[in-house]
Amino acid sequence: MGVTLAYDTWGEGPRTLLALHGFTGSGASFEHLKPLLGRSVRVVTVDLPGHGRTPLPDKAGREGFLETVDAVIRLARELGGPVDLLGYSQGARLALAAAVSAPECFGRLIMESGSPGLHRRQERSERREADAKLAGFIRTRGVDAFVDRWEALPLFEGLRRLPAPQMAALRERRQACTAEGLAGALECLGLGVQPDYWPSLHRQRLPTLLLTGADDAKFTNLARRMATELPVVWRHAFAGSAHAPHLEAPEEYVREVLSFLQTPWYEAPQFEPVILAREAAHS
């Protein structure tokens, strides 16, 4: 059966949203959204392999990534799908992979700060090497030293503007990870072992919402590129946010998510898909 994903459920509503967190997170990463989201949607928050209560896959590398994708699909079926799927960063990459692999299990796809993968073999090789070095650092220096290094990355500049209590809670979640869990997750869920899903985007027919922070130029540009490939796509960049809008701008984030999920005319499989890209400046 492969890896089994631990999960929690909260909220109520006619739609079920399966939420996949980012690297160093857990299902608890979305708990701050309960007051905003829980009245409208039933949310299932997953612990991805190497995080929280979910063990690492049986296999390493690309096979471990695909094993995790299969676990997401299996959980969606157990939940009585089709379910909607939301992923942040690492979780967004897995969400896209699941949607491409088993579109019949899902209704709509939301990707926050995600990527379809690296297109060139050399890029994937270089990223695997970098992730292997980082995994070695985690195993030898420990979680606390890694968290210090991780939180100092320019990517997370926006998170450093969070109020002190939120920043402390975020750091506590990261420090609750184990060294082997984080190192193993880099080796089986990292960008270097992920298949390249760019060629599959034009076949991904689920209505898709791409969310980024406007201050995160790299992932906003990736979203722009993805929007030219996806058949049914909306896009929003949050002003004043960087890599983690769900933490940096939670109220605006939930408004975008609910607007996307609750628009009834998305349900029109008899029509040909239409490309709809939406910039934050025009929303």
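Source: prediction; values computed, not measured.

One open sheet holds the seven strands; their spatial order is 1-3-2-4-5-6-7, and the pairing between them is mixed. Lying at the two open borders of the sheet, with one neighbouring strand each, are strand 1 (6–10) and strand 7 (233–238). Taking the axes of each pair of neighbouring strands and ignoring which way they run, one obtains an average angle of 20 degrees across the sheet. Its contacts with the sheet put helix 8 (residues 217–227) on strand 5 (106–112), strand 6 (208–213) and strand 7, and the angle it makes with strand 6 is roughly 160 degrees.

Roughly 930 Å³ of volume is contained in the largest pocket. As for the largest pocket, its lining consists of 45 residues, and the residues nearest its centre are Ser-89, Arg-127, Trp-150, Leu-155 and Phe-219. For the lining of the largest pocket, the secondary structure elements donating two or more residues are helix 3 (90–101), helix 4 (121–141), helix 5 (143–151), helix 6 (164–175), helix 7 (179–189), helix 8 and helix 9 (245–248). Considering only residue class, the lining of the largest pocket consists of 19 nonpolar, 16 polar and 10 charged.

So, about the packing of aromatic side chains. One pass over the structure, following the stated rule, counts six aromatic pairs. For the pair Trp-234 and Phe-260, a centre-to-centre distance of 5.9 Å together with 65 degrees between the ring planes defines the contact as edge-to-face. Highlighted residues: Trp-234 in strand 7 and Phe-260 in helix 10 (residues 250–262), separated in sequence by 26 residues. Here Trp-234 and Phe-260 have matching classes, each one buried. Plain terms: the ring middles of Phe-238 and Tyr-253 are 6.1 Å apart, the flat faces sit at 35 degrees to each other, and that makes the pair tilted. In this pair, Phe-238 is assigned in strand 7 and Tyr-253 in helix 10, connecting sequence segments 15 residues apart. There is no split in this pair, since Phe-238 and Tyr-253 are both buried. Taken together, the ring pairs connect Phe-23, Phe-146, Trp-150 and Phe-156 into an aromatic cluster. The ring of Phe-156 has Arg-174 sitting right over it, with the charged end atom 5.2 Å from the ring centre.

For the rest of this paragraph, the subject is empty space enclosed by the protein. The gaps of empty space that remain are located by a probe, the size of a water molecule, rolled over the atoms. Counted by the stated rule, this structure contains two cavities of 30 Å³ or more. By volume, the largest cavity is sized at about 60 Å³. As for the largest cavity, its lining consists of Trp-10, Leu-17, Ala-19, Phe-30, Leu-33, Leu-37, Val-43, Thr-45, Leu-86, Tyr-253, Val-254 and Val-257. Within the residue set of the lining of the largest cavity, elements represented by two or more residues are strand 2 (16–20), strand 3 (42–47) and helix 10. Looking at the lining of the largest cavity, its residues break down into 11 nonpolar, one polar and no charged.

With that out of the way, let us pick up the pairing of strand 5. Taking burial as the measure, the seven residues of strand 5 include six buried ones, the bulk of the element. Strand direction decides the pairing type here: strand 5 and strand 6, joined by four bridges, are parallel. Among the inter-strand pairings, Met-111 is bridged to a residue of strand 6, identified as Leu-210.

Further remarks concern the nonpolar core. If you look at the biggest cluster of nonpolar residues, it comprises 67 residues, and the most contacted ones within it are Leu-18, Leu-20, Leu-85, Phe-106 and Phe-146. With residues up to four places along the chain from it excluded, the contact list for Leu-85 reads Leu-17, Leu-18, Leu-20, Val-72, Ala-95, Ala-98, Phe-106, Arg-108, Leu-109 and Ile-110. One finds Ala-19, Leu-37, Ile-110 and Val-232 within the second-largest nonpolar core, a separate group that totals 21 residues.

The next thing to look at is the UniProt feature "domain: AB hydrolase-1" (unreviewed entry) in the chain. The UniProt entry lists residues 18–255 under the feature "domain: AB hydrolase-1" (unreviewed entry), expressed in the numbering used here. Annotation note: span residues 18–255, helix share 45%, strand share 14%, distance between end C-alpha atoms 17 Å.

Turning next to the side chain of Ser-26. Structurally, Ser-26 can be placed in the loop between strand 2 and helix 1 (34–37). Overall, the relative accessible area of 13% leaves Ser-26 in the buried class. Ignoring anything within four residues of it in the chain, the contact list for Ser-26 reads His-21, Val-46, Asp-47 and Arg-173.

Axis separation between helix 4 and helix 7 bottoms out at 9 Å; the angle between their running directions is 175 degrees. As far as their axial angle goes, helix 7 and helix 4 are roughly antiparallel. For the pair helix 4 and helix 7, contact is made by Asp-131, Leu-134, Ala-135, Ile-138 and Arg-139 and by Ala-179, Glu-180, Leu-182, Ala-183, Gly-184, Leu-186 and Glu-187, respectively. The residue inventory of the contact of helix 4 with helix 7, partitioned by class, reads seven nonpolar, one polar and four charged.

Rules behind the numbers
Residues numbered from 1 in each chain as written. Predicted model: local features only at pLDDT ≥ 70, side-chain atom pairs only at ≥ 80, totals over all residues. Heavy atoms only, no water. Pairing = 2+ DSSP bridges. Helix = DSSP H or I, 4+ residues; strand = E, 2+ residues; numbered from the N terminus. Axes fitted to C-alpha atoms, helices over the stretch in contact; angles between N-to-C directions. Contact = heavy atoms within 4.5 Å. 1 Å grid on protein atoms, 1.4 Å probe; cavity = no way out; pocket = protein on both sides within 12 Å on 5 of 7 lines; lining within 4 Å. Points joined across faces, edges and corners; volume = space filled by probe spheres on them. Nonpolar A, V, L, I, M, F, W, Y, C, P; charged D, E, K, R; others polar. Phe/Tyr/Trp six-rings, centres within 6.5 Å; stacked < 30°, edge-to-face > 60°. Buried < 20%, exposed > 50% of the residue type's maximum accessible area, 1.4 Å probe, protein only. Lys NZ or Arg CZ within 6 Å of the ring centre and 35° of its normal. Core = buried A, V, L, I, M, F, W, Y, C linked by side-chain atoms within 4.5 Å. UniProt positions renumbered as here; feature names shortened; annotations may be inferred. Parallel < 35°, antiparallel > 145°, perpendicular 65-115°, else oblique.

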